[in-house]
Structure formats: C-alpha cells, structure tokens
Amino acid sequence: MTLQQEIVGNAMQMAVVNLGLGQTVYCEAGKFLFKTTNVTMETRLSGPSAGGGGGQRGGAGGMGGMLRQAVGTAMQAGQRALAGESLAFQYFTSTGGEGTVGFAGVLPGEMRALELDGSRAWFAEKDAFVAAESTVQFGIAFQGGRTGRSGGEGFVLEKFTGRGTVIIAGAGNFIDLNPADFGGRIEVDTGCVVAFEEGIQYGVQRIGGLNRQGLMNAVFGGEGLSLATLEGNGRVILQSLTIESLANALRKAQGGDKQGPTGGLFSTDAG
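For clarity, every value in this text was computed on a predicted model and none was experimentally measured. The residue numbers shown here count from 1 along each chain, following its written sequence. The predicted nature of this model means local features are confined to residues of pLDDT at least 70 and side-chain atom pairs, given and counted, to a pLDDT of 80 or more, with totals for whole chains, interfaces and linings taken over all residues. Side-chain calculation: all heavy atoms of the structure are included, whereas hydrogens and water are not.

Peer 1: Explain the confidence of the model for the chain here, please?
Peer 2: The predicted coordinates of low-pLDDT regions are not to be read in fine detail. Put simply, the chain has an average pLDDT of 80, and 68% of its residues get 70 or more. Every residue is assigned a pLDDT by the predictor, reflecting its confidence on a scale from 0 to 100. Only heavy atoms matter for contacts: two residues are in contact if any of them lie within 4.5 Å across the pair. Overall, residues 50-59 carries pLDDT values under 50, and its contacts beyond four positions in sequence, including any with other chains, amount to 22 contacts. Counting interchain partners and residues more than four positions distant, the pLDDT-below-50 stretch residues 144-154 has 15 contacts.

Structure, rendered in structure tokens:
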C-alpha cells in the first residue's frame, strides 16, 4: 500500500500522513507532531525488519531467536548512538479505519518525500530522516578515514533501503541536481548536502593548494579548507541553509559572534 502523504507549509514544513487500516509508519523520536485517536503509538529501540513488519517481535525461533533479536536490536541502537542519532523509533499504526499522523523536522526549511523502488538506496545527512513506511529500512553509513574527518556532516550518513516512501527534511530551500548535467561532478559546501542516490560518489577535497590563493580561500572565504564533491549520474538534493551558518547568525544576533572578521579557518565555536 502506497503511503498517502502531503507536505504542507512554507518556512517550516510538515508532513501529514494518511494511514490505511493496519498501515504502519515510523519516525525518529522527536519528529512526531500529532495523530488521530485511532492511530496507536509505540516506541521501540529496533528499526523495521527487512520483511517490512515494523520491527521483529515475539519469540520466533525460540530462545535462540529471541537472543539474536535482542543482540540485533542492541547493535542497531549502539550504532545509532555512535552516530549521534536518536536511540528509539516511534511506530504509528492505524486501527479501526483510516488515520492521520503529522511529522516535522527540527529546522526551518523544506521536506521531501522520496520513493524507493528497491533498486537504489538513498543516503542523507545526519538528522535528515523524519519518517518512513515500515517497508523502508533505516541504517547508518560511516564515511571512513580521510573523507569523514574532513567532511563534517559527511562523516555519518543515514541510509535508506527497501521499497516505499521515506520523508526527509533540511534547512532553507532545496534544489535538485544531477552531476551528470554538469560534466559529471559538482563541488559544494559540506553542510549543503541533504541527500543523494546510491551510485553518486561522495568525497571531500581541499580548497586549492597550499599557496597564497588556497590560504585566502580558507581564511577569508568562510568555507574552511574543504569542499564536498559529488560525482556520477543520479539525483542529489542540496539545501540553501547550513546548520553552521544558522548557528553563526543566532550567535551574532545574541551578541556572541565568535567568527570574527575573517571567518573560515579562524572561526571558533561558541564556548
């Protein structure tokens, strides 16, 4: 059953999901807004099972099955904790007819419903996930080594597989691009990447060389030392507002701007 949803609003959008009888949708804890009374809510540490049942339950397989399920749940929760994600998911199921549930992100900006057909996974920045059908599996993908240390938000990515609808959110406005339309490669601020399809190669590169212009870019350009690179043929979603720029604007408005006149390399976090 296709997830019936509508994204409404402008500066701070929300997703209104209409559930059929027995249909289940799950969200990251903290993204729920409202529901009708015939929709049940249950909080679990486990993500949905590969079979789309909203998480394995019961004692299938006897004591061994229960033990494997407990270990699997602990590993999922531990992985999400290491990634800085919420430990729990909230599951919503309609009973006694159709029901309605509302969800939203945590920053002012847009939302997007992605349709997975099972052929390609989607990757998204940390905290982009809002909600999904129980037929969509949520996972964590770690960008290893050099890319992760340099890429900021790119170190930890959310991964969505399976079939069905997944709803994501970001800051500011969205733009959809395909690197193949721009010579096969685009370079963006590391904080602007919201999501991209499997098949897109994500990396991080230094801005310029260790020369005068490279140092000028890093010190005065406000971008630091690195840019994210996206290569291949597939869909990429970027956002117009980065969390760092929003945080800097709020600090400045409160009289606590730590960035100084140069930005970039000499920026410091608020203590």
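Picking up where we left off.
Peer 1: Teacher, can you tell me more about the nonpolar core here?
Peer 2: Nonpolar side chains in soluble globular proteins tend to be buried together. Tyr 26, Phe 129, Phe 160, Val 166 and Ile 168 are the most contacted members of the largest nonpolar core, which has 21 residues in total. If you list the elements that add at least two residues to this core, you get β6 (89-94), β8 (111-117), β9 (122-125), β10 (129-133), β11 (136-142), β12 (156-169) and β15 (193-197). Helix and strand labels come from DSSP, where a helix needs a run of H or I of at least four residues and a strand needs a run of E of at least two; each type is numbered from the N terminus. Of all the elements, β12 adds the most residues to this core, at 4 residues. Sequence-distant contacts of Val 166, that is, excluding residues within four places in its chain, are made with Arg 112, Ala 113, Leu 114, Leu 116, Phe 129, Ala 131, Ala 132, Val 136 and Phe 160. The criterion is simple. A nonpolar core is a set of buried Ala, Val, Leu, Ile, Met, Phe, Trp, Tyr and Cys residues joined through side-chain atoms within 4.5 Å. Remark: exposure states derive from per-residue accessible area (1.4 Å probe, protein chains only) relative to the maximum for the residue type, with buried under 20%, exposed over 50%, and partly exposed in between.

Peer 1: Got a minute to help me understand unusual backbone geometry in this structure?
Peer 2: Although it is not a glycine, Asp 127 adopts a positive phi angle of roughly 75°. Topologically, Asp 127 is positioned in the loop between β9 and β10.

Peer 1: Looking at this structure, how should I read the pattern of salt bridges?
Peer 2: If the charged atoms of two oppositely charged side chains come close together, the side chains can form a pair. One speaks of a salt bridge when a side-chain nitrogen belonging to Lys or Arg is within 4 Å of a carboxyl oxygen belonging to Asp or Glu. Within the structure shown, the criterion is met by 8 salt bridges. A salt bridge links Glu 28 to Lys 31, with the nearest nitrogen and oxygen atoms 3.0 Å apart. Lys 31 matches Glu 28 in its accessibility class, with the two residues each being buried. Among the salt bridges present, the one from Arg 112 reaches Glu 110, with a minimum N-O distance of 3.8 Å.

Peer 1: Got a minute to help me understand the packing of aromatic side chains in this structure?
Peer 2: Given two aromatic rings, their pairing is described by the distance between the two centres and the angle made by the two planes. Pairing of aromatic rings covers Phe, Tyr and the six-membered ring of Trp, with a centre-to-centre limit of 6.5 Å; geometry is then stacked below 30 degrees between planes, edge-to-face above 60, and tilted otherwise. With the rule as written, the count across this model stands at 12 aromatic pairs. On the basis of an interplanar angle of 75° and a centroid distance of 5.5 Å, the ring pair of Phe 92 and Phe 103 is categorised as edge-to-face. Linking Phe 92 in strand β6 with Phe 103 in strand β7 (residues 99-104), this pair joins segments that are 11 residues apart in sequence. Take Phe 92 and Phe 103: they sit in the same class, and that class is buried. By way of ring pairs, the aromatic residues Tyr 26, Phe 89, Tyr 91, Phe 129, Phe 138 and Phe 160 are connected into one cluster. Geometry around Tyr 91 places Arg 44 over its ring, the cationic atom sitting 4.0 Å from the centre. Throughout this description, the term charge over a ring refers to an Arg CZ or Lys NZ atom that lies within 6 Å of the ring centre and within 35 degrees of the ring normal.

Peer 1: What is the right way to look at the pairing of strand β2 (residues 14-19) in this model?
Peer 2: On a regular strand, each side chain points to the face opposite its neighbour's, so the side chains alternate between the two faces of the sheet. Being paired, for any two strands, means DSSP has found at least two bridges between them. The pairing of strand β1 (residues 4-8) with β2 spans 5 bridges and is antiparallel. Within β2, the residue paired with Gln 4 across the bridge is Asn 18. Counted along the chain from β1 to the antiparallel partner β2, the turn is 5 residues long, and its residue Gly 9 has a positive phi close to 100°. With 6 bridges connecting them, β2 and β7 associate as antiparallel partners. Directly across from Val 16, in β7, lies its bridge partner Gly 102.

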